[in-house]
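The residues making up each chain are set out below.
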Amino acid sequence: MEHDEELRRKVAVFTNSTLHSDTSPPCQNPGPRIAALTSWYECYYDVWLGGHCFRTIAKMHQKYGPIVRISPNEVHFNDLDFIDSLYPGAGERKTNRPVMVGKQSGTPDYMTATEDHDMHRRRRAVINPFFSVASVRKLEPVIRQHTEKVLARLEQATEPVEMNLLFKAYANDTVVQYAFGVCFHFLDDAECGKPYFKAVDMFFSLNHLFGHWPFIGWMVGKAPGWVMRNFGEGLREMWRRKWYWWIQKVGEIRTSNDPERVKSTIFGGVLNSSLPDAENTDLRLASETQLVIFAGEGTTANPKISSTHPSILATVKAKLSSLPDSPSFAQIDALPYFNAVIQETIRLHPGVSVVYGEYVIPAGVTYGMTPTILHKTASVFKNPEEFRPERWIENPKLSRAFMGFSRGPRGCIAVNLARREISVLLAALLVKYDVYEEGGGKMGPTLQVFDTAKERDIDTNSEYIIPAVARGSKGLRMVARR
Ligand code: HEM
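Under an unreviewed UniProt entry, the name given to the protein chain is Cytochrome P450, and the organism recorded is Cucurbitaria berberidis CBS 394.84.

The following block contains the structure:
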């Protein structure tokens, strides 16, 4: 790899002179002296201020350059040239995951948090086929049905619609249906599953706390149901789902007499795999699947397309108008401009904040990159704040700098599914709706942005694995007119 040697040299020089030498003055570190001395620095921004460390890291990069130290043994990169070295392809080299990631989630036993490279590969291999292009194609009717439900909800809405909540319901119903063969039907629920999603947000908001004080995560994991049930509506709802619904479904699937039912769920591969029995307990499988579902709802619901680009909307609507009423996945794939719109949307609103890895030289040094910061590198993405889908078509090599789904053996397992879910829904919305114009320029159904401020309701304000808007914000809201 072109930059591998340079990376090794940089990391080695950096770490030899700062991490492993008592004599080297920490002030020589690229980064604030205090960050080299104590992880309380990171903790202050993430736990006390609430998911704000990524902003400080962005400022550090502006001041100190592309490699900065953000805690005594954690290095953050913001250099696109090193992506291939930091996130190597499968089989190129082993990448253990920092133990802290497991602690952050309070669930060290699930795939994404698995520390050991080889164990992670084994866990991932058994669910990988479930996310293949061919498997996801079978989901096409479900995605269409759920898209219709979203359109119907907008049609019937008498009040401004919280789009993020609606998209979460869509993503959750789709992926839970896919994984279990049944779902919570949040798209049919009057509240669109709000209490459940509040609980999931609460769970994510605790991840920095768990990462810095793992015993709190451990205590929450061990707390009996009656304790958790007293922690308010949100956690009660989640507790009910976690310990009853998920485990019950795993049990049902495991004991099902219908081999097709087993095969058609996410557990088909796991239950028939050579993984040891300890891997296949109801509890572990319930946790594993629940985390896969978490990974697939907030992320998929996060991309926001702004309606303030009339010429872009006109172009994309014109491209979509060439499609039949229910376009197939293949027909949608064949629209480069539309796909560039999706790429640009995820560039500006990536669904995951820090993507971690652990470099082998020296072992134990954790590194990470943050797509929210990386995707705004002005030398690569000209006028980075501008929503400009054309950039992906004019320069196809730009996709090398796209980290929205991360890369390598720990990259998103469900890229095919995520892209399908987003593209089918977005195409349907754009085909049906125009942007509302004051004074009534448009005749058909329109969508109007309602009381949405970019800084409060659209931009990333904080990050808890998944980027979040400002506290108390209802996110992007829209009024649908017939
Ligand atoms: C636009 C939507 C999505 C985005 C932007 C996204 C992004 C990502 C990223 C950046 C990672 C790497 C995280 C890390 O390094 O810790 C990841 C991992 C993962 N994603 Fe996605 N994701 C999306 C949708 C989905 C969906 C729909 C699912 C499943 C239903 C899913 C399941 C997963 C899983 C299971 C992992 C962990 C993979 C592993 O540990 O090997 N994602 N995703």
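Read on, since the account is not over.
> Which parts of the structure should I look at to understand the nonpolar core?
When a protein is soluble and globular, its nonpolar side chains tend to lie buried together. Membership of the largest hydrophobic core comes to 108 residues, with the highest contact counts inside it found for Ile127, Phe131, Leu154, Val176, Trp246, Phe338 and Met369. Of the residues forming this core, the biggest block, 11 residues, is contributed by helix α10 (residues 163–180). Residues Tyr41, Met60, Val68 and Ile70 belong to the second largest nonpolar core, which totals nine residues.

> Mind showing me how you'd approach the pattern of salt bridges here?
Taken as a whole and assessed by the stated rule, the structure comprises 24 salt bridges. Here Asp451 ties to Arg456 by a salt bridge, and the two come within 3.6 Å at their closest N and O atoms. On the basis of relative accessibility, which here comes to 47%, the residue Asp451 falls in the partly exposed class. Asp451 is the salt-bridge partner of Arg477, the closest N and O atoms lying 3.1 Å from each other. With Arg477 in strand β10 (residues 477–481) and Asp451 in the loop between β7 (446–449) and α25 (454–458), this residue pair connects regions lying 26 residues apart in the sequence. One network of salt bridges, with partners in common, ties together Arg123, Glu279, Arg284 and Glu288.

> Explain helix α19 (residues 310–320) to me, please; I cannot follow it from the model alone.
An α-helical turn contains 3.6 residues, so any two residues separated by three or four positions project in the same direction. Looking at α19, one finds that the buried residues are Ile312, Leu313, Val316 and Leu320. Projected onto a plane normal to the axis of α19, the buried residues spread over an arc of 95 degrees and lie on a single side. More than 90 degrees from the buried face of α19, the exposed residues found are Pro310 and Ser311. Among the structural elements, α21 (336–348), α24 (415–432) and β6 (434–435) are those in contact with the buried residues of α19.

What counts as what
- Residues numbered from 1 in each chain as written.
- Predicted model: local features only at pLDDT ≥ 70, side-chain atom pairs only at ≥ 80, totals over all residues.
- Heavy atoms only, no water.
- Core = buried A, V, L, I, M, F, W, Y, C linked by side-chain atoms within 4.5 Å.
- Buried < 20%, exposed > 50% of the residue type's maximum accessible area, 1.4 Å probe, protein only.
- Helix = DSSP H or I, 4+ residues; strand = E, 2+ residues; numbered from the N terminus.
- Salt bridge = Lys/Arg side-chain N within 4 Å of Asp/Glu carboxyl O.
- Arc of directions from axis to C-beta.
- Contact = heavy atoms within 4.5 Å.

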